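# Architecture and fold: a report
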Amino acid sequence: MFRIATPGKLKRAGISGMNRRNVEYIAQNNPRHHFPRVDDKLVTKQLALHGGIAVPTLLGVVKYTGQIKRLPKFLEPLEQFVIKPSKGSSGKGIIVIVGRDGERFVKSSGKTMTFHDISRHINNILSGLFSLGGRPDVAMIEEMVRFADVFENFTYEGVPDIRVIVYKGYPVMAMARLSTSASDGKANLHQGAIGVGLDISTGRALHAVQNARPVEYHPDTGARLKDIVVPQWDELIRLAANCHDVTELGYLGADIVLDKERGPLIIELNARPGLAIQVANGSGLKPRIEKIEHEIRGQLRRLSSEERAAWSLQAFNYGESEEDTG
Amino acid sequence: MHSRLQLYLWMAVLLMLGLGAAAYKHWELGFPLVPGKTQTVWTVEARIEFEGTDRPVKASLNLPDDTENLVVVESVAASPGYGFELMKSKEHEVRGVWSARQSKDTQTLYYKTNVYRGKGKPPEEPKKKPKPADKPVFTEPKATAANALLEDAYRHSADAETLAIRMIEQLNAEKPEDNVRILLQGIKGRSQKNQLTVELLRSAEIPVRLLRGIELTDIGRRQNLQELIELYNGDQWIAIDPRSGELGLSETFLPWQRGDQWLMQVEGGKDSSLSFSVIANERAGRNVAILLGREEQAGIVDFSLFTLPVEVQNTFSILLLIPIGALVVVILRNLVGIRTSGTFMPILIALAFLQTTLFVGIVLFVVVVGVGLMIRGYLSRLNLLLVPRLAAVLIVVIGLYVALSIIGFKMGLMGVLSVTYFPMIIIAWTIERMSVLWEEEGAREVMIQGGGSLLTAILAHLVMTERHVAYLFFAFPELLFVVLAIILAIGQYTGYRLSELRRFEPLTRY
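Just so it is clear, the model here is predicted, and its values are computed rather than measured.

## Considering the overall build of chain A
Looking only at helices and strands, chain A has 11 helices and 13 strands in total. Since a compact globule built from 326 residues should have a radius of gyration of about 20 Å, the 20 Å found for chain A is in line with a globular shape. Taken across its 326 residues, chain A has 52% of its residues classed as buried. The contacts in chain A between residues at least 6 apart in sequence include a share of 63% that link residues at least 24 apart. Entry remark: accessible area of chain A is about 14,900 Å², with carbon and sulfur atoms responsible for 50%.

Quick look at the structure:
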């Protein structure tokens, strides 16, 4: 089954291609000197704290090898924590410790590691093993997120997160990324994770794809993907809209997780979000972005992030009608 | 939108510049657009290098001669600071002489000339019949062997030519006879063997001399002079190839030095060396004359690539292909949507294919990268830091080159030796990047990007070696402006890539 669409058909569907993303969305809206704000998670975190954006709590930072000596004392009171490289990409080099087994640390996968293993891992982070281009890096120690139960049946092993694309401060499109056995517990769509398009006004699942083809049930858990409803949706959208104010990036991907107690938290921002979100949503970005451009031209003043989020929550409310015609 | 307007302006300017200059050269100066209906014009360059010694220096070089089939014209001796004059020797040989009062450091003298096909005037031979040279003296047991060989050749021949042919056949026989084997003892290399042939012919009282020249069909830098033997058959001098025994000069053999003359002499310098290079220009026969005729009037011709030294021309004929490769990469990545590993890596691979030939190149690339990936896979278990890891991969790559060359050579696969033309730093980076890709994204992505890179390299290679394209960009380098304009246009293209018609196809079904 090898089908090909005509450019005209894609255009009518409002799909944006990679060239448009690179030339119009990224090059015109994301000044390069602002990229470090999102490429370095430590910078992102500091900006977020100043801007009142909810993030997993930073417990400590290891900047030099010499600081590892003080680490055992630092880690002693911590039952659960996460170690991540500040400049790592796509989840590389992240260790999640969920508990202790005597002297040993227990990882989320159930395997254990010694303190020696941890210090070697931190050394690797510092020397740039996980960062782009091998640049020296720092290791962040964060509080572990206690994931809300909503996704319990919808994910296999990995961490479910929600990607929201924010254009000039307006949330445009959202999807949940669910790992599968095929994706090896990773939430990357092109590795076989499931993308679930979410109605931007309600947080309800619209449509789900795996490997760019529609799916109805999670292949590992059998759960019906259309049953997903993300709670605290309005709060999540407000959080995403606020990310624009601290980063000043006009085309932004916000990766959000739901914590049981703290609600939506930003775990990562991305200055070059991909286009797979269109496939997950079954619709194109272009008409929505044009609608935002039109809205901005009609404004007399810059809106606050709350106002923008409120606008987005009602502006793209055509999830129901899409289902009717589909 | 302001940037878009600027872009259109630049494109218009570039297009006008590029197409305008090309049109002017084509219609006003007669540069042909296609290499078709061409005549080959070889540009031959001799390059003398020596170390100056602060004393007056005089360097002389024997110059090439016309033949029945070749005309030597338009000689230039480009060497700043030197006086240059032509001198005719007693033997009617023409020598070029450079002289200067003082010379320091490394000095380079060029002699450049164009050679056309056509009936030329070979140098006049002295009226007097040449006397055979003194018979050389062989020591035993070579003397007996030489006599036996000569006797055999004498019996199986009718005149000087056939005697020489017979003798050359014997000397080059795959299973030489005992006499020949004795004679060949201690003889190493082609040059010594030629000297032996000359001496044997002199023993038979035939006037012979060595003839050194260039086979013009061997195009490239650093050509060596080839040796032929000329013998006097009582009427005229006839050339004979000491390797094949073929009589007469080949149509493309350019004689440079005869007999015992000096080929090159440097007085007042040391460590002198001489190298030759040949480049073949295809010029439309009808237009050759026009081009040369206008050379002095039109400034634009004066600044064309054809006026540079041949070695530099050779370099540029390759350099000018790179923008075409870049255009192919831009089209394949931004309009077609093929993913490659490393942006311009495919161009460098395509350039390497120029040396290795396409098929051999593809096989070598796949083998080197494949084996490299396997070894790199093991290295990643050792948890090395980035730079040491890269250095290790680099050494692995060089090791692979060595191993492949030796194995290929032993197996008689000479094509494998060209593996060294692959840029090893780029290959090492490719292996590193693909290996990381393998760990992060899986083998499928490696296949996609590796295959994409190879496909791009092959396409770039095919376009770059297309005769018309290569000619067009060398004769009209201003067309680079046009390429630039096209690349700028694609740089602002926001439409779909071919691959996206497939990727987003499901979206049109809702």
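## Topic: the sheet that holds strand E2 (residues 81–85) of chain A
Across a sheet, strands are paired by hydrogen bonds formed along the backbone, either parallel or antiparallel in direction. Residue and element names in this part refer to chain A. Strand order across the open sheet formed by 6 strands is E1-E6-E2-E3-E4-E5, with antiparallel pairing between neighbours. A single partner strand is all that each edge strand has here, and the edge strands are strand E1 (58–62) and strand E5 (112–113). Helix H4 (residues 41–50) contacts E1, E2 and strand E6 (139–142) of the sheet and is inclined by roughly 45 degrees relative to E6. Across the sheet, helix H6 (residues 115–126) touches E1, E2, strand E3 (95–101), strand E4 (104–107), E5 and E6, and the angle it forms with E2 is around 30 degrees.

## With respect to the environment of Pro32(B)
Its location among the elements puts Pro32(B) in the loop between helix H1 (2–28) and strand E1 (38–52). When the C-alpha atoms of Pro32(B) and Ser453(B) are compared, they prove to be 35 Å apart, with 421 residues separating the residues in sequence.

## Concerning the sheet that holds strand E13 (residues 263–270) of chain A
An order of E11-E10-E9-E8-E7-E12-E13 (chain A) is seen for the 7 strands of this open sheet, with the pairing classed as antiparallel. The open sheet has two free edges, formed respectively by strand E11 (213–214) and E13 of chain A, since each of these has just one partner strand.

## What about the pairing of strand E8 (residues 170–178) of chain A?
Residues and elements named next belong to chain A. In terms of burial, E8 is largely enclosed, as 9 of its 9 residues are buried. Both strand E7 (residues 161–167) and E8 contribute to a ladder of 7 bridges, which runs antiparallel. Directly across from Val164, in E8, lies its bridge partner Ala174. Pairing geometry for E8 and strand E9 (residues 194–198), over 5 bridges, is antiparallel. The residue bridging Ala176 from the neighbouring strand is Val196, located in E9.

## Structural notes on the interface of chain A and chain B
Taken together, the 40 residues of chain A in the interface contact 27 residues of chain B. A combined buried area of about 3,100 Å² lies between chain A and chain B, and 54% of that area is made up of carbon and sulfur atoms. Here chain A and chain B share 0 salt bridges between them. Taken together, the links from chain A to chain B amount to 9 residue pairs in polar contact (both at pLDDT 80 or more). If you list the elements that add at least two residues to the side of chain A that touches chain B, you get helix H1 (7–12), helix H2 (18–29), H6, E11 and helix H8 (276–281) of chain A. No other element matches the 6 residues that H2(A) contributes to the side of chain A that touches chain B. A class-by-class count of the residues in the side of chain A that touches chain B yields 16 nonpolar, 15 polar and 9 charged.

## Side note on the packing of aromatic side chains
All chains considered together, the criterion is met by 11 aromatic pairs over all chains. With 5.4 Å between their ring centres and 40 degrees between their planes, Tyr25(A) and Tyr251(A) make a pair best called tilted. You can see Tyr25(A) sitting in helix H2 and its partner Tyr251(A) sitting in strand E12 (residues 251–259), a full 226 residues away along the chain. Of the two residues examined, Tyr25(A) and Tyr251(A), each falls in the buried class. Relative to Phe105(A), the ring of Phe81(A) lies with its centre 6.0 Å away and its plane at 80 degrees, an arrangement referred to as edge-to-face. Taken together, the residues span a long stretch of sequence, with Phe81(A) in strand E2 and Phe105(A) in strand E4 at a distance of 24 residues. The exposure class of Phe105(A) is buried, given its relative accessible area of 5%. In textbook terms, an aromatic cluster arises when at least three aromatic residues are bridged by ring pairs, as seen for Tyr25(A), Tyr167(A) and Tyr251(A). Of note, Arg209(B) hangs over the ring of Trp237(B), and the distance from its end group to the ring centre comes to 3.9 Å.

## Quick notes on the domain arrangement of chain A
Entries for chain A in the domain assignment read domain 1 (7–38 + 149–320) and domain 2 (57–142). When each unit is reduced to the centre of its C-alpha atoms, the spacing between domain 1 of chain A and domain 2 of chain A is 29 Å.

## Remarks on unusual backbone geometry
The residue Lys168(A) is not glycine, and still its phi comes out positive at about 45 degrees. Although it is not a glycine, Asp271(B) adopts a positive phi angle of roughly 50 degrees. By the element assignment, Asp271(B) lies in strand E13 (residues 269–284). When its relative accessible area of 61% is taken as the criterion, Asp271(B) is described as exposed.

## Quick look at the packing of helix H7 (residues 233–247) of chain A against helix H10 (residues 305–315) of chain A
Residues and elements named next belong to chain A. In the contact formed by H7 and H10, the axes pass within 8 Å of each other and the chain directions differ by 125 degrees. Taken as axis vectors, H7 and H10 run oblique relative to one another. Crossing of H7 over H10 shows right-handed handedness. Every residue of H10 that contacts H7 at Trp233, Asp234, Ile237, Arg238, Ala241, Asn242, His244 and Asp245 is listed here: Ser305, Glu306, Arg308, Ala309 and Leu313. In the contact of H7 with H10, the residues fall into 5 nonpolar, 3 polar and 5 charged.

## Concerning the layout of surface pockets
All names here are of chain B. Taken as a whole, the second largest pocket holds about 1,200 Å³ of empty space. Those elements that place two or more of their residues in the lining of the second largest pocket are strand E7 (208–215), strand E9 (226–232) and strand E10 (237–240). Of all the elements, E10 adds the most residues to the lining of the second largest pocket, at 3 residues. Its residues assigned to classes, the lining of the second largest pocket shows 13 nonpolar, 7 polar and 16 charged. In this structure, the lining of the second largest pocket is formed jointly by two domains, domain 1 (39–124 + 262–284) and domain 2 (142–255), each of which donates at least three residues.

## Overview of helix H10 (residues 345–356) of chain B
The terminal C-alpha atoms of H10(B), which comprises 12 residues, lie 16 Å apart, in line with the 16 Å expected from a rise of 1.5 Å per residue. When H10(B) is considered as a whole, its buried residues turn out to be Met345(B), Pro346(B), Ile347(B), Ile349(B), Ala350(B), Leu351(B), Ala352(B), Phe353(B) and Thr356(B).

## Looking at helix H5 (residues 189–203) of chain B
Residues and elements named next belong to chain B. With 15 residues, H5 extends 22 Å from end C-alpha to end C-alpha; this agrees with the ideal 21 Å at 1.5 Å per step. Every buried residue belonging to H5 is among Lys193, Asn194, Leu196, Thr197, Val198, Leu200, Leu201, Arg202 and Ser203, and all of these are buried. In the core, the buried residues of H5 are packed alongside helix H2 (142–155), helix H3 (160–171), helix H4 (178–184), E7 and E9. The positive-phi residue at the C-terminal boundary of H5 is Glu205, with phi of around 60 degrees.

## A few points about the nonpolar core
Proteins that are soluble and globular tend to have nonpolar side chains buried together. Residue and element names in this part refer to chain A. Counting 72 residues, the largest nonpolar core has Ile162, Val196, Leu198, Ile228, Val230, Trp233 and Ile266 as the members making the most contacts within it. Per-element accounting of this core gives the leading share, 8 residues, to H7. Beyond its immediate sequence surroundings of up to four residues, Ile266 is in contact with Ile53, Ala54, Val55, Pro56, Leu239, Cys243, Ala254, Asp255 and Ile256.

What counts and what doesn't
- Residues numbered from 1 in each chain as written.
- Chains lettered and ligands numbered in written order.
- Predicted model: local features only at pLDDT ≥ 70, side-chain atom pairs only at ≥ 80, totals over all residues.
- Heavy atoms only, no water.
- Helix = DSSP H or I, 4+ residues; strand = E, 2+ residues; numbered from the N terminus.
- Rg over C-alpha atoms; globule rule 2.2 N^0.38 Å.
- Buried < 20%, exposed > 50% of the residue type's maximum accessible area, 1.4 Å probe, protein only.
- Contact = heavy atoms within 4.5 Å.
- Areas by Shrake-Rupley, 256 points an atom, 1.4 Å probe, with all protein chains shown as cover.
- Pairing = 2+ DSSP bridges.
- Axes fitted to C-alpha atoms, helices over the stretch in contact; angles between N-to-C directions.
- Buried area = accessible area lost by both parts, 1.4 Å probe.
- Salt bridge = Lys/Arg side-chain N within 4 Å of Asp/Glu carboxyl O.
- Polar contact = N/O pair within 3.5 Å; in protein donor to acceptor, adjacent residues only side chain to side chain.
- Nonpolar A, V, L, I, M, F, W, Y, C, P; charged D, E, K, R; others polar.
- Phe/Tyr/Trp six-rings, centres within 6.5 Å; stacked < 30°, edge-to-face > 60°.
- Lys NZ or Arg CZ within 6 Å of the ring centre and 35° of its normal.
- Domains from an automatic or database assignment.
- Parallel < 35°, antiparallel > 145°, perpendicular 65-115°, else oblique.
- Left-handed = near helix turned anticlockwise from the far one by under 90°.
- 1 Å grid on protein atoms, 1.4 Å probe; cavity = no way out; pocket = protein on both sides within 12 Å on 5 of 7 lines; lining within 4 Å.
- Points joined across faces, edges and corners; volume = space filled by probe spheres on them.
- Expected span 1.5 Å × (residues − 1).
- Core = buried A, V, L, I, M, F, W, Y, C linked by side-chain atoms within 4.5 Å.

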